[in-house]
Each structure stands twice: as C-alpha cells, then as structure tokens.
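Listed below, chain by chain, are the residues.
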Amino acid sequence: MAPGRESSVALVTGGSRGIGRGIALELARAGFDLVINYAGNETAAQEARTEALDTRRQARIETCQADVSIAEDRQRLLQFTRESFGRLDLLVNNAGIAPSKRVDILDATEVSFDRLMAVNLKGPYFLTQAAARWMIEQAGEKGAKYRPIIVNITSVSAYAASPERGDYCVSKAGMAMATKLYAVALASHGIRVYEIRPGVIATDMTSVVKEKYDVLIEHGLTPIKRWGLPSDVGRAVAAIATGALEFSTGEVINVDGGFHLRRL
Ligand code: NAP
C-alpha cells in the first residue's frame, strides 16, 4: 500500500467462524481493512478480529452484529461500515445456515424452508442490492481507481441434489442465479460479481456430519482426497479481490477438491 493511500475495505458476512473467518484472515493478509459481521457469537467475532490483526498489525478491523435476514440489521450493517470506514470495496456474502435437522423432502417443514430462504437467499440478495447502490455512488465520486467487487459463497448444493436438505439446495441455487443477475446488472457500473462454490469444508456446520464425510472422502467423493479448509476458500476470495479475474464477471469458482467433475 502506497503511503497515504486509503486501504480497501471488505465486509464479510458471517466472518466470525468457519469459512467467513478464513476469508477475513486472507483478506487482512492481502491488505484489506475489514468489517467482520456475525449473528450472535460475539466471542468468536472478537477471536476472528484478533487473528486477523495477527496477520497484519496495521489492519483496521471492526466487528458488527447483524442478522442478514432482517432488513433493519442489513441497513445498520452498511451504515456501520460507512461510518467506520467511509467506503466499501468488497462485499462477501458468506453468512449462511444449514437446516437444523436433515429431513426427507416429503416430510420437510415450511418453517425450516422460510428460515433458510431468509438467511441464505433473501438476506444476501437484498444486502447486495443496498451495497451495490452505495458502490455506484462511490464509483461516481472515486472514478476508475475504484474497482468494487461482490463475492457470493454458495455451495456444491447449488447443483447437487440432496433431498434431505432441499431447502438448503434451493437457497444456494437461488444465490447462483442472483450472482448472474447482479453480474449483468452491475457490469456497466464497473462492479464485478463472482460466485464461489465450496465443497466439503471443515467448519462447525459440517462437524455434525464429520464421520459420514470422512468415509465418503476416503471412498473417492472428491478427486482431491481431503476435507477443504476455510483458508482454501479464503485464498480464492483474496485472489478475486486483488484483481486476478479483471475481465470476468458472473464467474463460478469451484473450491471443492474437484467434486464437480463428472467421472466415468
Ligand atoms: P458456520 O461454521 O456455521 O459459520 C456460520 C457463520 O455465519 C458464523 O459466522 C455465523 O455467525 C454466521 N451467521 C449465521 N447466520 C447468520 C445470520 N442470520 N446473519 C449473519 N451472520 C450469520 O458455517 P460455514 O461452514 O463457515 O459456512 C459459511 C458459508 O459457506 C455458508 O453460506 C454455507 O452455506 C457455505 N458453505 C459451507 C460449506 C461447508 O462444507 N462448511 C460448503 C459449502 C458452502 P455467529 O458466529 O454469530 O453464529
């Protein structure tokens, strides 16, 4: 970073734990200042902040509680970012939940469906809308040196059918389409939009199915025979964020050990 130059600012939703924390750490390392958003686990958010500062002492890292499924919280989160940093260069829509119980699609409930849609789809869809409006405003002020980016963390579940968590799959497929919609709508404003599709990544979310996936991985679920790590996703986000894909938008990046490859 040149002396006197403002750092770029990233907002990572669900940055307190798991993949989001991995993204926050890699972005701090890459020179970003950060807002680490979390839903309720303040201790985890503070730990993520401390770890991010350990990667780069001069980084400015703030934490902000906000539930992305609630409109007022989304507004407050962006307002916090504006008041703390005065700019937003990168939005990472990472916050997401799995169904509290895996239930066959014939028995699944509307309560679970509504919750999954609210957090995994409606939240990031409208956070993107509000962030994009602010980014367009900033583009008008800052000119060509401002290169805003939005990254959506979806999942292999955007295309792989798991009928025992259909609501999760539908929410991720929805965000895959949202990536395309925003990529088309925002390109003329100089905003690029990307989708990262993680495979099986070791986090709290997958800890409940660890034994099942240990066996599947051992038996060849993925050509690369290991669990993914939050840092695997973090490094992919950092590569995009630092300009590796300047002439691409709406691009899907699989971070899945090769899970998406059809084999014969
Ligand atoms: P995780 O370990 O359960 O962490 C979830 C994070 O999201 C936490 O920081 C949590 O905050 C936050 N969060 C949850 N609900 C929120 C809400 N309503 N508003 C704001 N923040 C919220 O999950 P993960 O495995 O890292 O997953 C992160 C993302 O990657 C999700 O979108 C998930 O669908 C996706 N993904 C995960 C995998 C995998 O194998 N793990 C694979 C593909 C895709 P608190 O700490 O405050 O609870």
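Since this is a predicted model, take the numbers as computed values, not measurements.

**A word on empty space enclosed by the protein**
Stage number 1. The tally for this structure, following the rule as stated, stands at 1 cavity of 30 Å³ or more.
Stage number 2. Listed by contribution, the elements that provide at least two residues to the lining of the largest cavity are helix H4 (110-142), strand E5 (149-153) and helix H5 (166-186).
Stage number 3. Element by element, the count of residues in the lining of the largest cavity is highest for H4, at 3 residues.
Stage number 4. The residue inventory of the lining of the largest cavity, partitioned by class, reads 6 nonpolar, 5 polar and 1 charged.

**With respect to the sheet that holds strand E1 (residues 9-12)**
Stage number 1. Judged by pairing direction, the sheet is parallel, and its 7 strands sit side by side in the order E3-E2-E1-E4-E5-E6-E7 without closing on themselves. Edge strands, defined here as strands with exactly one partner in the open sheet, are strand E3 (61-65) and strand E7 (252-255). Each strand of the sheet is rotated relative to its neighbour by a mean of 20°, with strand direction disregarded.
Stage number 2. Strand direction decides the pairing type here: E1 and strand E4 (residues 90-93), joined by 3 bridges, are parallel. Note on E4: the bridge partner recorded for Ala-10 is Leu-90.
Stage number 3. Relative to the sheet, H4 contacts E4 and E5, its axis offset from that of E4 by approximately 180°.

**Description of the packing of aromatic side chains**
Stage number 1. Applying the stated rule across the entire model yields 4 aromatic pairs.
Stage number 2. Judged by centre distance (6.4 Å) and plane angle (45°), the rings of Tyr-159 and Phe-259 are tilted. One end of the pair, Tyr-159, is in the loop between E5 and H5; the other, Phe-259, is in the segment after E7, with 100 residues separating them in the sequence.
Stage number 3. Pairwise contacts between aromatic rings join Tyr-125, Phe-126 and Tyr-182 into one cluster.

**Considerations on the layout of surface pockets**
The probe, sized like a water molecule, is rolled over the atoms to show the empty space still left.
Stage number 1. Size it by volume and the largest pocket reaches roughly 1200 Å³.
Stage number 2. Residue lining of the largest pocket: 50 residues in total, with Gly-96, Ile-97, Ala-98, Tyr-168 and Met-205 positioned closest to the centre.
Stage number 3. Only helix H1 (18-29), strand E2 (33-38), H4, H5, helix H6 (204-207) and helix H7 (210-218) provide two or more residues apiece to the lining of the largest pocket.
Stage number 4. Its residues assigned to classes, the lining of the largest pocket comprises 25 nonpolar, 17 polar and 8 charged.

**Some words on the site of the ligand**
Stage number 1. In the vicinity of the ligand lie 31 residues, with Ser-16, Gly-40, Asn-94, Tyr-168 and Thr-203 positioned nearest.
Stage number 2. With respect to the ligand, the backbone of Ala-39 contributes an N or O atom lying 2.9 Å from an oxygen atom.
Stage number 3. Between the ligand and Ala-66 there is a distance of 3.5 Å, counted from a nitrogen atom to a backbone nitrogen or oxygen.
Stage number 4. In isolation the ligand offers 910 Å² of accessible surface; the protein chains occlude 94% of this area.
Stage number 5. Judged by the fraction of its atoms near the pocket grid, the ligand is located in the largest pocket.
Stage number 6. Taken together, the elements giving at least two residues each to the shell around the ligand come down to H1, E2, H5 and H6.
Stage number 7. It is H6 that contributes the most residues to the shell around the ligand, 3 residues altogether.

What counts, and at which threshold
Residues numbered from 1 in each chain as written. Predicted model: local features only at pLDDT ≥ 70, side-chain atom pairs only at ≥ 80, totals over all residues. Heavy atoms only, no water. 1 Å grid on protein atoms, 1.4 Å probe; cavity = no way out; pocket = protein on both sides within 12 Å on 5 of 7 lines; lining within 4 Å. Points joined across faces, edges and corners; volume = space filled by probe spheres on them. Helix = DSSP H or I, 4+ residues; strand = E, 2+ residues; numbered from the N terminus. Nonpolar A, V, L, I, M, F, W, Y, C, P; charged D, E, K, R; others polar. Pairing = 2+ DSSP bridges. Axes fitted to C-alpha atoms, helices over the stretch in contact; angles between N-to-C directions. Contact = heavy atoms within 4.5 Å. Phe/Tyr/Trp six-rings, centres within 6.5 Å; stacked < 30°, edge-to-face > 60°. Near = heavy atom within 4 Å. Polar contact = N/O pair within 3.5 Å; in protein donor to acceptor, adjacent residues only side chain to side chain. Areas by Shrake-Rupley, 256 points an atom, 1.4 Å probe, with all protein chains shown as cover. Sits in = over half its atoms within 2 Å of the grid points.

Purely spatial values, then, with no claim about function.
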